[in-house]
Amino acid sequence: MRTTAPFGACAARMRVPGNRRVSSWRLRLLLPILLICPVCLLVLQGCAGLAVAESTAMVDWQPPNNVPMTIRTLNADGQFSQVSSVAAAERLRALHPGEPLNILALSGGGAYGAFGAGAVAGLTRTGSRPDFTVVTGVSVGALIAPYAFLGPMWDADLLDVFTSAPGEEHLLQSRGLAAIFGFSLYSGKPLQHLVDAHLSDTMVQAIARESKKGRLLLVATTDVVTGMPVVWDLGAIAQNGGPNARALLRDVLVASASVPGMFPPVMIRVNKDGVPHDEAHVDGDATMPFFVPPAFMQRPPDARDGTNHTAVYIIIDGALGDPPKTTRLTTRAILSRSINAGLNQMLLTTLELTAANAQLQGATLRYSAMPITHPRGDPYDFRTDIMRPLSRYAYECAQAGRLWTRFVRTDDGSGTSRSITETQKALCPADDATLEAQNATALH
């Protein structure tokens, strides 16, 4: 789950005392989070080793060696199998011959998920919201993904998650002294209850229906044992999960949003080749900030005139960096700033690689992120008076047609390539000159 703080927490409705003690409360939270999160990032297995002693790996697991991304899908017999993204892409094109392939990828971002929710709903008002054949999500993006996948009829429910009045439930419920010897600083129950409250049987059935049409809803988690991302086909789970489908979908969504060190790993039972085993999964953002399987962007071999009608849309729930600011030379400040820089660079690198791959294959790519200069609250602040304006901002930018920034390569006369963005006035993501400059650097 990506944020401009060291880690984000999944989008949830959270009550924070509305007084002057809030700032000091956040500062007290920050130090233990900062101390735990770097360890979890660098040595994910070691960080969770004691807590997930019963988590087991696939017996046939092998170290990755430049193999295509695979998708974990649930078969009709209730067994999981791995499907190559290449095979999945071929199936997509076979089921949608001659149709444009629209892909939406949603990143993590904590409370900044309100930006993504508003953007998705705002696109509906333009009358030009693409029909997304594939929707992928990581962390808070995983929680937005089902609504984006199901279409405009679910916009009101999506906005309700981020803008409705907060309940008494508090997302960050401290585990007290148990945090020293246990899995995490905070209990995972509130997050599980939040997802459980919104993942209705009606939603599960709707996901199954759309999956049968040949569309894909994919969510990523991180396997604690292997330290690798796992991409889950939620449509296949909705179709073939039977009475356990809803519970399994909930566990995958909660796992994708469970920041390591802050929330405990989620244990998921997986049946493969008739052998059940338990796996521990945490936030997908620990291994990738968002994802678009490269095979999905490849130019179809039978494309007329070599034309690729694939369009990739990426919504970054947050900004692509931080503005320069004075940093106190203290352990906490330096550690926080360094982790921010590392996460921002991972996000930028992923965006650059995805854009380069899209251009190589002739696909179009548009993305949207909060301008660096846009006012941002604390990514741990889930008060509706903070999240509602952010959702409204993205909604209005999308409605005005100024949500997307497009990567375009042009010759600047010096033998290099740069990216340009048509701008109006610096208010919305499409108008941000900072993003334009970053594009130019990225594609040099």
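On a predicted model such as this, the values are computed, not experimentally measured, just so you know.

1. Considering the state of the cysteines
Moving on, step 1. For the coordinates displayed, the defined rule picks out one disulfide.
Moving on, step 2. Each sulfur in the disulfide pair Cys 397 and Cys 428 lies 2.0 Å from the other. With the S-S dihedral at roughly -85°, the linkage between Cys 397 and Cys 428 falls on the left-handed side. Placement of Cys 397 in helix H14 (residues 384-399) and of Cys 428 in the loop between strand E13 (417-419) and helix H15 (433-442) is noted, with a sequence separation of 31 residues between them.
Moving on, step 3. On the basis of relative accessibility, which here comes to 6%, the residue Cys 428 falls in the buried class.

2. So, the packing of aromatic side chains
Moving on, step 1. Here the structure, examined in full by the defined rule, presents five aromatic pairs.
Moving on, step 2. Geometrically, the ring pair formed by Phe 132 and Tyr 313 is edge-to-face, given 5.7 Å between the ring centres and 75° between the ring planes. Placement of Phe 132 in the loop between helix H4 (113-126) and strand E4 (134-138) and of Tyr 313 in strand E9 (residues 310-319) is noted, with a sequence separation of 181 residues between them. Each member of the pair, Phe 132 together with Tyr 313, is buried.
Moving on, step 3. Three or more aromatic residues link up through ring pairs in this structure, and these residues are Phe 132, Tyr 313 and Trp 404.

3. A short note on the nonpolar core
One recurring pattern in soluble globular proteins: nonpolar side chains tend to sit buried together.
Moving on, step 1. In this structure, Leu 106, Val 135, Phe 162, Trp 232, Leu 234 and Ile 237 are the most contacted members of the largest nonpolar core, which totals 69 residues.
Moving on, step 2. Apart from the residues lying within four places of it in its own chain, the contact partners of Val 135 are Leu 104, Leu 106, Ala 145, Ala 148, Phe 149, Leu 216, Leu 217 and Leu 218.
Moving on, step 3. Counting 33 residues, the second-largest nonpolar core is a separate cluster that includes Leu 92, Phe 296, Leu 320 and Leu 351.

4. A few points about the pairing of strand E1 (residues 70-74)
Moving on, step 1. The buried fraction of E1 amounts to four of the five residues, a majority that puts the element mostly inside the structure.
Moving on, step 2. Bridging between E1 and strand E2 (residues 80-84) involves five bridges; their strand directions are antiparallel. Bridged to Thr 70 within E2 is Ser 84.

Parameters and conventions
Residues numbered from 1 in each chain as written. Predicted model: local features only at pLDDT ≥ 70, side-chain atom pairs only at ≥ 80, totals over all residues. Heavy atoms only, no water. Disulfide = S-S within 2.5 Å. Helix = DSSP H or I, 4+ residues; strand = E, 2+ residues; numbered from the N terminus. Buried < 20%, exposed > 50% of the residue type's maximum accessible area, 1.4 Å probe, protein only. Phe/Tyr/Trp six-rings, centres within 6.5 Å; stacked < 30°, edge-to-face > 60°. Core = buried A, V, L, I, M, F, W, Y, C linked by side-chain atoms within 4.5 Å. Contact = heavy atoms within 4.5 Å. Pairing = 2+ DSSP bridges.

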